[in-house]
Amino acid sequence: MFVFIRLGSVDLAEWDEAYYSSRASVVVIHNAWLDQSEYAAGGLWTGSHPPFAIWLMALSAKLFGLNEWAFRIPSAVLGICSVALVFLFGKELLKDGFTSLLASLSLVAVTIFTKHARVGQLDIPVLFCMVMTWSFFWRGMTRSMTNFVLAGVFLGLGLMTKIIVAFLVPMSIGLFVVWEFFRSSRSNGVRGLQGLLVLFACGILISVPWHVAISLKLGSSYWEQAYGYHVLTRMSRPLEGFSS
């Protein structure tokens, strides 16, 4: 629980954290749940990320006020949950509590993880959604196929958090399914393919309504900023003072 110690004692970081906290403040003050770019600092530059984590920050601010503590609580809580999930998922996968404990401690030992668990940004919420997606997918492989639907729900929430980052999950699952087809059990491969299709469909269904609504409101400018600048341009060259 050290993540909560002096959580609100430091001012908001002048870059992403301040921008995302600004968006959460806009939700609280202007009730702008769909789109905050009209009022928020950074405009569409930061408003192009889908708003699930922003909604969590706004709900926290409604409970605890517009302050650093409130904006950081979602990351702190989901950071703790992510560590617990890695342990539980590892135990489910490996049937070995000690190895699962090592896996969760390894996550805690990653400096960038512990840093982002104490700031109001998008990284920890999207990580939490991704781990939940993986976990429920594996449960679908070994238990009821209903778990594939739950995996899809969290994929959708991940896609509603930080553009296309959560797509890393179905990509990795796709590699697993191919492995199962050709190197292990064909029946597992078929079940995995079914699960992948279900979770992908559910994830798209959850994320599409907001994307349609924001497209109708902002038009092509949203797509140019979100996927043109934040995805394609960032993949092709360094931006905003970064060297890589």
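Structure first, text after, so check above.
None of these values were measured; they are calculated from a predicted model.

*Asks:* What's the story with the pattern of salt bridges in this structure? I'm lost.
*Replies:* Working definition: two side chains of opposite charge can pair if their charged atoms are close together. Within this structure, the stated rule accounts for six salt bridges. A salt bridge links glutamate 92 to arginine 139, with the nearest nitrogen and oxygen atoms 3.7 Å apart. Taken together, the residues glutamate 92 in helix α4 (residues 68-94) and arginine 139 in helix α7 (residues 123-142) connect sequence positions 47 residues apart. Notably, a salt bridge pairs arginine 143 with glutamate 92, separated by 3.2 Å at the nearest N-O pair. In this pair, arginine 143 sits in the loop between α7 and α8 (146-159) while glutamate 92 sits in helix α4, placing the two residues 51 residues apart along the sequence. Where salt bridges share partners, they join Glu92, Arg139 and Arg143 into one cluster.

*Asks:* Explain the environment of alanine 61 here, please?
*Replies:* In this structure, alanine 61 sits in helix α3 (residues 52-64). A residue is classified by how much of its surface remains accessible, and alanine 61, at 4% relative accessible area, is buried. Note: C-alpha distance between alanine 61 and serine 25 (36 residues apart in sequence) is 7.7 Å. Apart from residues lying up to four places away in sequence, alanine 61 is in contact with Val28, Leu66, Ala70 and Phe71.

*Asks:* What should I look at first to understand the packing of aromatic side chains in this one?
*Replies:* Each aromatic ring pair is characterised by the separation of its centres together with the angle its planes make. In this structure the tally under the stated criterion is 15 aromatic pairs. With 6.2 Å between their ring centres and 90 degrees between their planes, phenylalanine 137 and phenylalanine 176 make a pair best called edge-to-face. Of this pair, phenylalanine 137 sits in helix α7 while phenylalanine 176 sits in helix α9 (residues 168-183); the two residues are 39 residues apart in sequence, bridging distant segments of the chain. The class for phenylalanine 137 is buried, based on a relative accessible area of 3%. Plain terms: the ring middles of phenylalanine 181 and phenylalanine 182 are 6.4 Å apart, the flat faces sit at 50 degrees to each other, and that makes the pair tilted. A residue is classified by how much of its surface remains accessible, and phenylalanine 182, at 65% relative accessible area, is exposed. An aromatic cluster is built from Phe137, Trp138, Phe148 and Phe176, whose rings are joined through pairwise contacts.

*Asks:* What is the right way to look at α3 in this model?
*Replies:* An α-helical segment advances 3.6 residues per turn. Residues three or four places apart therefore align on the same side. The first and last C-alpha atoms of α3 sit 19 Å apart over 13 residues, in line with the 18 Å expected at 1.5 Å per residue. Within α3, the full set of buried residues consists of Phe52, Ala53, Ile54, Met57, Ala58, Ser60 and Ala61. Looking at the buried side of α3, the elements it contacts are α1 (16-30), α4, α7 and α8. Following α3 by one or two positions, glycine 65 has its phi on the positive side, about 95 degrees.

What counts, and at which threshold
- Residues numbered from 1 in each chain as written.
- Predicted model: local features only at pLDDT ≥ 70, side-chain atom pairs only at ≥ 80, totals over all residues.
- Heavy atoms only, no water.
- Salt bridge = Lys/Arg side-chain N within 4 Å of Asp/Glu carboxyl O.
- Helix = DSSP H or I, 4+ residues; strand = E, 2+ residues; numbered from the N terminus.
- Buried < 20%, exposed > 50% of the residue type's maximum accessible area, 1.4 Å probe, protein only.
- Contact = heavy atoms within 4.5 Å.
- Phe/Tyr/Trp six-rings, centres within 6.5 Å; stacked < 30°, edge-to-face > 60°.
- Expected span 1.5 Å × (residues − 1).

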